[in-house]
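# Structural characterization, general
Given next are the chains, with one letter for each unit.
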Amino acid sequence: MSGLQQCYSTTTRWTACAAGATPPAQVCLPPRRLNMSRQILHTASPLSHSRLSNHRGGLPIRQPLSTVAVKAVVPRVEQVGSGAYDAKTNNRYWERRPVPMVSRLIVIGAELTRWYAQSMLLKLKLNPQQYGKAGAPPDFAPTPASLMREMLCRLGPAFVKIGQALSSRPDLLPPAYLMEFEQLQDRIPPFPNDQAFQVLEAELGVSVSTLFSSFSPEPVAAASLGQVYRAKLRGSPGQPDMDVAVKVQRPGVAQSISLDVYILRWAAAVLRQVRKLNTDLPALVDEWASSLFRELDYRTELDNAERFKALYSHMKEIYVPCMFKDFTTSQVLTMEWIDGVRLRSASSAERMEAVMRRAQGGSGSSSSSSS
């Protein structure tokens, strides 16, 4: 748009407002800005004089304009936590909101300080031999590992995801921490049922009793992003009800994760600068955040399951549950209920036994792992 068109558009907006014909979403400029626009228009082109003024001594004389309704350009509302992750958008969003960012930093710092102090007290009060490589204190006593697991749960989904990732890294953590962090897979404290039902009904557009003939009063499992209920989906006339698993996303989880990702990215940049590391730590955080944000849309999980079923359903050893697309949204996932044993649970005993042997084996096991 040229400077002349911009001036005329600005003038007509104000004139339409002054005439009492303000259309929806119209922008009105104050009279001082209007006068400046008319002066610019007068200077810009002699053709504009016939629309805005007559000449007397070289000075413009304003004449009323006809009422014109001009659509204003509505600024795009910046959103975060929805759709794909974009580091620039996320940074720009939270840079303009320092209060929640600082508040969150205080919470994280307080939790870390609390865990460190409690861990030091435990090491002073309990027998130091109980904290050897071979094991941990008795089950009834808290340990630094259990206290850290509880801290991650309190800090929210992003930190729980970090604990889940570390639970499969025996090369980074001792066995006591691996055993505790494994509980973060599906033994997270659930959020209230009334909030889950509100999300469920808001996403599906109908009440729970309309779609399901029965619904478990409590979740059967809870994880970092949501929790799962067992229900019976009402069948069509003449068809029996079907057992289904309904996963409901935690309210506000996307906003919480986006803030924590911003803080972690900032901390990674500071650490890289202080330690003078060659590794691009913020880029690693961005890659992790991208995969995490993809998990927030349950429709992606449904598409992946259907694709997996199309590729491997011919194999008798593999069974993929049916997915109900009509009852799945970005925050609700409905799938066929399957009784079975998780692969992680089936092999956890053998894996932990191998981890314990590795921890006690010394240099022999470490050399084999490095190869």
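Conventions adopted
- Residues numbered from 1 in each chain as written.
- Predicted model: local features only at pLDDT ≥ 70, side-chain atom pairs only at ≥ 80, totals over all residues.
- Heavy atoms only, no water.
- Helix = DSSP H or I, 4+ residues; strand = E, 2+ residues; numbered from the N terminus.
- Buried < 20%, exposed > 50% of the residue type's maximum accessible area, 1.4 Å probe, protein only.
- Contact = heavy atoms within 4.5 Å.
- Areas by Shrake-Rupley, 256 points an atom, 1.4 Å probe, with all protein chains shown as cover.
- Patch = residues over 30% accessible without salt bridge, like charges linked within 9 Å, V, L, I, M, F, W, Y side chains within 5 Å.
- Salt bridge = Lys/Arg side-chain N within 4 Å of Asp/Glu carboxyl O.
- Polar contact = N/O pair within 3.5 Å; in protein donor to acceptor, adjacent residues only side chain to side chain.
- Phe/Tyr/Trp six-rings, centres within 6.5 Å; stacked < 30°, edge-to-face > 60°.
- Pairing = 2+ DSSP bridges.
- Axes fitted to C-alpha atoms, helices over the stretch in contact; angles between N-to-C directions.
- Left-handed = near helix turned anticlockwise from the far one by under 90°.

### Remarks on the overall build of the chain
Helix and strand content of the chain: 15 helices and seven strands. Sorting the 371 residues of the chain into buried and exposed places 36% on the buried side. Long-range pairs, those at least 24 residues apart, make up 59% of the contacts in the chain with a sequence separation of at least 6. Here the chain has roughly 22,600 Å² of accessible surface; of this, 57% comes from carbon and sulfur atoms.

### Comments concerning helix α7 (residues 157–166)
What sets the pattern is the α-helix's 3.6 residues per turn: residues three or four places apart point alike. Counting buried positions over the ten residues of α7 gives seven, a clear majority of the element. Listing the buried residues of α7 in full gives Pro 157, Ala 158, Phe 159, Val 160, Lys 161, Gly 163 and Gln 164. The elements touched by buried residues of α7 are α5 (98–125), α6 (144–155), α8 (175–182), α11 (253–275) and α12 (281–295).

### Some words on a nonpolar patch on the surface
Residues Phe 308, Leu 311, Tyr 312 and Met 315 make up a contiguous nonpolar surface patch of about 350 Å² in total accessible area. With respect to the helices and strands, Leu 311 occurs in helix α13 (residues 298–312). Taking relative accessible area as the criterion, Leu 311 reaches 49% and is therefore assigned partly exposed.

### Structural notes on the side chain of Arg 104
When you line up the elements, Arg 104 lands in helix α5. Of note is the side chain of Arg 104, whose polar atom sits 2.7 Å from the side chain of Asp 260. Other than its neighbours up to four places away in sequence, Arg 104 contacts Leu 155, Phe 159, Leu 259, Asp 260 and Ile 263.

### Observations concerning the environment of Met 179
The residue Met 179 is located in helix α8 in this model. The sequence separation of Met 179 and Ser 167 amounts to twelve residues, and the corresponding C-alpha distance is 7.4 Å.

### Quick word on the pattern of salt bridges
Any two side chains of opposite charge can pair if their charged atoms end up close together. In the structure shown here, the tally under the stated rule is twelve salt bridges. Residue Arg 154 pairs with Glu 111 through a salt bridge whose shortest N-O separation is 2.9 Å. Linking Arg 154 in helix α6 with Glu 111 in helix α5, this pair joins segments that are 43 residues apart in sequence. Judged by its relative accessible area of 13%, Glu 111 falls in the buried class. When the shortest N-O distance is used, the salt bridge between Asp 297 and Arg 299 registers 2.9 Å.

### What about the packing of aromatic side chains?
By the definition in use, this model includes eight aromatic pairs. Ring geometry for Tyr 177 versus Phe 181: centroids 6.1 Å apart, planes at 80°, classification edge-to-face. With a gap of four residues between them, Tyr 177 and Phe 181 both fall in helix α8, about one helical turn apart. Pair check on accessibility: Tyr 177 and Phe 181 agree, each one buried. Ring plane angle 35° and centroid distance 5.2 Å describe the contact between Phe 215 and Tyr 229, whose orientation is recorded as tilted. Taken as a pair, Phe 215 in strand β3 (residues 212–215) and Tyr 229 in strand β5 (residues 226–233) lie far apart in primary sequence, 14 residues in all.

### Some words on the pairing of strand β7 (residues 332–336)
The element β7 is largely enclosed, with a buried count of five among its five residues. Here five bridges tie strand β6 (residues 242–249) to β7, and the two strands are oriented antiparallel to one another. Each residue of the ladder has a partner; that of Val 246, found in β7, is Thr 334.

### Considerations on the packing of α6 against α8
Contact pair α6 / α8: the axes reach a minimum separation of 9 Å and the direction vectors enclose 35°. In this structure, α6 crosses over α8, and the sense of that crossing is right-handed. On α8, the residues touching Pro 144, Ala 145, Ser 146, Met 148, Arg 149 and Leu 152 of α6 are Ala 176, Tyr 177, Glu 180 and Phe 181.

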